Amino acid sequence: MRKMSYWALAVLMCATTSCVTKKKYLLAENGRLDALKREEALKQQLVDCRDANDALSARLAQLERDTADMRRNIRNYQEMLSLNMGEQDKLNELLTKKMQELDERERTINQLQDMINAQNERVQSILQSVKNALMGFSSDELSVREENGKIYVAMSDKLLFKSGSATVDARGKEALAKLAEVLNAQRDVDVNIEGHTDTNPIHTARFADNWDLSVIRATSVVRILTKEYDVNPLQIVPSGRGEFLPVADNETAEGRSKNRRTEIIIAPKLDELLKILN
């Protein structure tokens, strides 16, 4: 009778452990799927921003071509005016209209150029603020760079997480606190947190694969920035890239170390430029 009781208790404990593991897995899977959806939304936003920049450049080029054409037309009209005085009034009226159009286009070009210059200056100002805030951290802990109008803060796995963990270390929290001070002073920027891994596969009770690990690490950073350091959650989106966007060769230990990173991407909003394009 006693042997039967021990056997029943062992079965019950085994079933209970299985349920707990499955629950954790489902929570992680749901988190991953949610993060992937947010990643897709962010990708679309980045695509829209790139399209806006491309459209802006195309608009500037077209305006400059139109301006050159109008200048040629004006010269032609002036020549016609000198050859045919009988058409003077008509040509003067047309010339005045064209010159007004030219002035308007030149004002638009100047306005767009001024806004582009201001945007570039702002990016450089934020970049310097980020560098100053993170000055106390070594190059093997993090790096800061500007690329295509965005600021990339790449924090190493060594700085933020222990191997196979999504819990941010104390040193990592110190870096995030410094960065949060800059973000809280820049309310009109968008921030994307991207988790990255090397190619070594992971499969644990908590993480189904490298996708899972990268997404949940990004989410851990977002929680700290928003809940502990008051960064506006409407500015910030977590996402995970797994092993699919390496910056170094995964065949070496040094390369894999560089690929295990969390990138914080800061992008000033383009609302004013988009208004002009529309």
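Located above this text is the structure these notes cover.
Per chain, the residues get numbers from 1 upward, laid out in the order the sequence is written. Totals for whole chains, interfaces and linings use every residue, but because this is a predicted model, local features are given only for residues with pLDDT of at least 70 and side-chain atom pairs only at 80 or more, for both listing and counting. Only hydrogens and water are removed before side-chain values are computed, so all heavy atoms of the structure are retained for them.

A. Here's a closer look at the packing of aromatic side chains. Note on aromatic contacts: the rings of Phe and Tyr and the six-membered ring of Trp form a pair at centre separations within 6.5 Å, being stacked when their planes are under 30 degrees apart, edge-to-face when over 60 apart, and tilted otherwise. As enumerated under the stated definition, the model contains one aromatic pair in all. A ring has a charge above it when a Lys NZ or an Arg CZ is no more than 6 Å from the ring centre and no more than 35 degrees off the ring normal. One cation-aromatic arrangement involves Arg145 over Tyr152; the distance from NZ or CZ to the ring centre is 4.3 Å.

B. Examining the sheet that holds strand β4 (residues 236–242) more closely. Taken together, five strands build an open sheet; the order of strands is β1-β2-β5-β3-β4 and the sheet is mixed. Of all the strands in the sheet, the pair left with one neighbour each is β1 (142–147) and β4. Between one strand axis and the next, the sheet turns by 20° as a mean value, whatever way the strands run. Contacts were defined at the residue level, with two residues in contact if any of their heavy atoms lie within 4.5 Å. Helix axes are fitted only over the stretch in contact, all axes being lines through C-alpha atoms; the angle between N-to-C directions runs from 0 to 180 degrees. Runs of E in the DSSP output that reach at least two residues are strands. Runs of H or I that reach at least four are helices, and both are numbered from the N terminus. The sheet contacts of helix α5 (residues 210–228) involve β3 (189–196), β4 and β5 (261–268), and relative to β4 the element is tilted by about 160°. In this scheme, strands are said to pair when DSSP sees at least two bridges between them.

C. Structural view of the pairing of β1. Pairing between β1 and strand β2 (residues 150–156): six bridges, direction antiparallel. The residue bridging Leu142 from the neighbouring strand is Met155, located in β2.

D. Here's a closer look at α5. Here α5 spans 27 Å end to end across 19 residues, near enough to the 27 Å set by a 1.5 Å rise per residue. Among the 19 residues that make up α5, 15 are buried, leaving the element largely enclosed by the rest of the structure. Side-chain atoms alone can form a polar contact between residues adjacent in sequence; in general such a contact is a pair of N or O atoms within 3.5 Å, and within protein one must be able to donate a hydrogen while the other accepts it. Its side-chain oxygen at 3.1 Å from the backbone nitrogen of Trp211, Asp209 defines the N-terminal cap of α5. Here, expected helix span is obtained from the residue count minus one, scaled by 1.5 Å. Relative accessibility thresholds used throughout: buried, under 20% of the residue-type maximum; exposed, over 50%; partly exposed, between the two (1.4 Å probe, protein chains only).

E. Region of the structure containing the pairing of β5. In terms of burial, β5 is largely enclosed, as eight of its eight residues are buried. Residues of β5 alternate between two faces, with Arg261, Glu263, Ile265 and Ala267 on one and Thr262, Ile264, Ile266 and Pro268 on the opposite face, all of them buried. Where β2 and β5 come together, six bridges link them in antiparallel fashion. Within the sheet, the bridge partner assigned to Val153 lies in β5 and is Ile264. Two strands pair when backbone bridges link them, and β3 and β5 are joined in this way by eight bridges, in the antiparallel orientation. Following the sheet pairing, Asn192 is matched in β5 by Ile265.

F. Geometry of a positive patch on the surface. Patch membership requires more than 30% relative accessible area and the absence of a salt bridge. Residues of like charge join within 9 Å; the nonpolar side chains Val, Leu, Ile, Met, Phe, Trp and Tyr join within 5 Å. The accessible surface values rely on the Shrake-Rupley method and a 1.4 Å probe; as for residues, cover is taken only from the protein chains in view. For this document, the term salt bridge refers to a Lys or Arg side-chain nitrogen within 4 Å of an Asp or Glu carboxyl oxygen. Charged residues are defined narrowly, with Lys and Arg counted positive, Asp and Glu counted negative, and His plus the chain ends left uncounted. By convention, the point assigned to a charge is CZ for Arg, NZ for Lys, CD for Glu and CG for Asp. A cluster of basic side chains, namely Lys24, Arg38, Arg206, Arg223 and Lys227, defines a positive patch on the protein surface. Only α1 (2–83) and α5 provide two or more residues apiece to the positive patch. Summarising the element assignment, Arg223 is placed in helix α5. On the basis of relative accessibility, which here comes to 46%, the residue Arg223 falls in the partly exposed class.

Any functional reading would require information beyond the geometric quantities listed.
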